[in-house]
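Chain and residue survey
Here are the chains, one letter per residue:
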Amino acid sequence: MPSPSDAQADLIAYLDFHVEAGADAALDEQPHDRFGEPDSPAPTLRAPRRAAPPRAVEPPVVAVANSLVPPPGAPPPVVAPRTFGRAASAQPDEAASDARVRARQAKSLVELERILADFDACPLRFTAKNLVFGDGNPEARVMFLGEAPGADEDRIGKPFMGRSGQLLDKMMKAVGLDRTSAYIGNIVPWRPPGNRNPTPQEVAVCRPFVERQIELVDPDIIVCLGAPATQTLTGSKDGILRTRGRLFPYTLPNREVKLLATLHPAFLLRQPVQKRLAWRDFRALRALIDGTA
């Protein structure tokens, strides 16, 4: 029999799995065996007190599989499309072009965050609870970039606040960093529904904002956590296990800085054996900071 602490740890891991999968709301305090419950009796309908007089009506419609189907010969009903700002109608190229224009207008991180909060051409904005812009020291030499917020980050409004954030804090601490000496962000600032990966179109729309965010922070070293961030900023098509530990050049408006690719903390939580590779990468990061690499 497992000890109570082991059982609690298993339960917490089980709940974390469902939260990461997007099941972050309970329907009732107690579980129900829907298959074991007896069938509910059919409701009885009371007869009307008197028959309603006949009147002219529109051509009848028939409910089929939760949809309304007009009878044969009748024209189909016109349904207005559901829209969320410009997100439902804006084409990806048009939205990305608009994002570039707006991002260039920002003269500070505060102004960029305000512009991003008003940007309505990315549909993720309308399914997320909060904009997750950045956290840490905006004057730091090191900037960490992940992929997209998760459930905890979406609820709190800051990047890397869940279990992967706790692991990232430990990894930074091991090389003498914390959130007062580093800046943290994501390439996509809104949580995708169900913690799915952001689509290439969503990344393309958000990319001008993260590029401007990097320019305003002006770090000496950029650390990309995971393949999506690495591929977005370097153009590489290789997987993270092939690019991790490599240094790439990244061009800022006035200089060129170094970009280091490494494994995402969420990946390390799923595959703890790979932490040894991440430790090598963070030792290389420490050497870069010290100027010995």
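Some details on the sheet that holds strand β7 (residues 247-251)
Strand order in the open sheet made by the six strands is β3-β5-β4-β6-β8-β7, with mixed pairing throughout. On the outer flanks of this sheet lie β3 (135-136) and β7, each paired with one strand and no other. Judged from the four bridges that link them, strand β4 (residues 142-146) and strand β6 (residues 221-225) form a sheet pairing that is parallel. Directly across from F144, in β6, lies its bridge partner V223. Along the sheet, helix α5 (residues 163-174) makes contact with β4, β5 (182-186) and β6, crossing β5 at roughly 150°.

Overview of the pairing of strand β8 (residues 256-262)
For β8, the tally of buried residues reaches five of seven residues, placing the bulk of the element in the interior. With five bridges connecting them, β6 and β8 associate as parallel partners. Within the sheet, the bridge partner assigned to C224 lies in β8 and is A261. Note that β7 and β8 share five bridges and pair antiparallel. Considered in β8, the bridge of P249 is made with K258. Between β7 and β8, which pair antiparallel and follow one another directly, the connecting turn spans four residues.

A look at the side chain of Q274
In this structure, Q274 sits in the loop between α9 (265-270) and α10 (275-290). If sequence neighbours within four positions are ignored, Q274 has contacts with L263, F267 and L268.

Description of the nonpolar core
Core analysis: the biggest nonpolar cluster contains 64 residues, and F144, W190, I222 and L285 have the highest contact counts within it. The element best represented in this core is helix α6 (residues 200-217), accounting for seven residues. Contact partners of L285, with chain neighbours within four places excluded, come to V142, F144, L177, I221, V223 and L260.

With respect to the confidence of the model for the protein chain
Of all residues in the protein chain, 71% have pLDDT values of 70 or greater, and the mean over the chain is 84. Per-residue pLDDT stays below 50 along residues 79-84; that stretch engages in four contacts with residues further than four places along the chain or on separate chains.

Rules and cut-offs
- Residues numbered from 1 in each chain as written.
- Predicted model: local features only at pLDDT ≥ 70, side-chain atom pairs only at ≥ 80, totals over all residues.
- Heavy atoms only, no water.
- Pairing = 2+ DSSP bridges.
- Helix = DSSP H or I, 4+ residues; strand = E, 2+ residues; numbered from the N terminus.
- Contact = heavy atoms within 4.5 Å.
- Axes fitted to C-alpha atoms, helices over the stretch in contact; angles between N-to-C directions.
- Buried < 20%, exposed > 50% of the residue type's maximum accessible area, 1.4 Å probe, protein only.
- Core = buried A, V, L, I, M, F, W, Y, C linked by side-chain atoms within 4.5 Å.
- pLDDT = per-residue confidence, 0-100.

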